[in-house]
Amino acid sequence: MSYQEYWTKIKSLYQELDQVTNSYWDNHSSFGDWQFWAVVAITIVPLLLLIRFVDQERLFEVFFFGFAVHIMWNYAGDVLELKRYFIHTYFLTPMLPSIFNMAASALPVAFLLVYQYCTNTIKFLYLDYSSKCHFRIRNCSLGKDIRTCRVW
């Protein structure tokens, strides 16, 4: 096949995929299904929690961390979906990517709230590989020697 023939075929396949996706969304993931409303809740509830619990004094820092998580998960989600390792079968609209509700709302909010909590309490978690061939988590406060920290 020539260059032009490849791109003509790719374009026709994308148009066919778009039609099938729209049809699937109308039949199995639209406003009348409970799964659609679960996706809406997964998208909106974390944002409402964020408004309630975010530290207003460190807004830029915390939101930048959440943005970094959002970008990284978008890239990871695109690769996983492209290779068919991770497939979302319910989504908000056929135009938005199926990973949108997780990558734009649930994961970044969860990660940034954990980040905010850990940095506010000035505790650091270390993974310690002991001689017994298992990992332990060490919980340390600022200024302590890691050997004297509490082990979980």
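These notes cover the structure that comes with them. (Residues numbered from 1 in each chain as written. Predicted model: local features only at pLDDT ≥ 70, side-chain atom pairs only at ≥ 80, totals over all residues. Heavy atoms only, no water.)

What to know about the pattern of salt bridges
- With the rule as written, the count across this model stands at 1 salt bridge.
- As a salt-bridge pair, Glu61 and Arg58 come within 3.1 Å of each other at their nearest N and O atoms. (Salt bridge = Lys/Arg side-chain N within 4 Å of Asp/Glu carboxyl O.)

Considerations on the packing of aromatic side chains
- One pass over the structure, following the stated rule, counts 8 aromatic pairs.
- Ring centres 5.0 Å apart and planes at 85° place the aromatic pair Phe36 and Trp37 in the edge-to-face group.
- A relative accessible area of 5% means that Phe36 is categorised as buried.
- Geometrically, the ring pair formed by Trp73 and Phe86 is edge-to-face, given 6.4 Å between the ring centres and 80° between the ring planes. Taken together, the positions of Trp73 in helix α3 (residues 59–82) and Phe86 in the loop between α3 and α4 (100–120) put the pair 13 residues apart, joining distant regions of the chain.
- Judged by its relative accessible area of 25%, Trp73 is partly exposed.
- For Phe86, a relative accessible area of 33% corresponds to the partly exposed category. (Phe/Tyr/Trp six-rings, centres within 6.5 Å; stacked < 30°, edge-to-face > 60°. Buried < 20%, exposed > 50% of the residue type's maximum accessible area, 1.4 Å probe, protein only. Helix = DSSP H or I, 4+ residues; strand = E, 2+ residues; numbered from the N terminus.)

With respect to a nonpolar patch on the surface
- On the surface, Met1, Tyr3, Tyr6, Trp7, Ile10, Tyr14 and Leu17 cluster together to form a nonpolar patch covering roughly 860 Å² of accessible area.
- Along the chain, the position of Met1 falls in the segment before α1 (3–28).
- Of the residues examined, Met1 reaches a relative accessible area of 60% and is grouped as exposed. (Patch = residues over 30% accessible without salt bridge, like charges linked within 9 Å, V, L, I, M, F, W, Y side chains within 5 Å. Areas by Shrake-Rupley, 256 points an atom, 1.4 Å probe, with all protein chains shown as cover.)

Considering the nonpolar core
- Grouped together as the largest cluster of nonpolar side chains are 6 residues: Trp25, Phe36, Val39, Val40, Phe91 and Leu92.
- For this core, the leading source of residues is helix α2 (residues 34–53), giving 3 residues. (Core = buried A, V, L, I, M, F, W, Y, C linked by side-chain atoms within 4.5 Å.)

A few points about α3
- Spanning 24 residues, α3 covers 34 Å between terminal C-alpha atoms, matching the ideal 34 Å at 1.5 Å per step.
- Listed in full, the buried residues belonging to α3 are Val62, Gly66, Val69, His70, Gly77 and Glu81.
- Looking at the buried side of α3, the elements it contacts are α4. (Expected span 1.5 Å × (residues − 1). Contact = heavy atoms within 4.5 Å.)

Some details on the packing of α2 against α4
- The N-to-C vectors of α2 and α4 enclose an angle of 30°; their axes lie 9 Å apart at closest approach. Taken together, the axes of α2 and α4 are roughly parallel relative to one another. Here the hand of the crossing between α2 and α4 comes out left-handed. Where α2 approaches α4, its residues Val39, Ile42, Thr43, Pro46, Leu47, Leu50 and Phe53 are matched on the opposing element by Phe100, Asn101, Met102, Ser105, Ala106, Val109, Leu112, Leu113 and Gln116.
- Residues of the contact of α2 with α4, tallied by class, amount to 12 nonpolar, 4 polar and no charged. (Axes fitted to C-alpha atoms, helices over the stretch in contact; angles between N-to-C directions. Parallel < 35°, antiparallel > 145°, perpendicular 65-115°, else oblique. Left-handed = near helix turned anticlockwise from the far one by under 90°. Nonpolar A, V, L, I, M, F, W, Y, C, P; charged D, E, K, R; others polar.)

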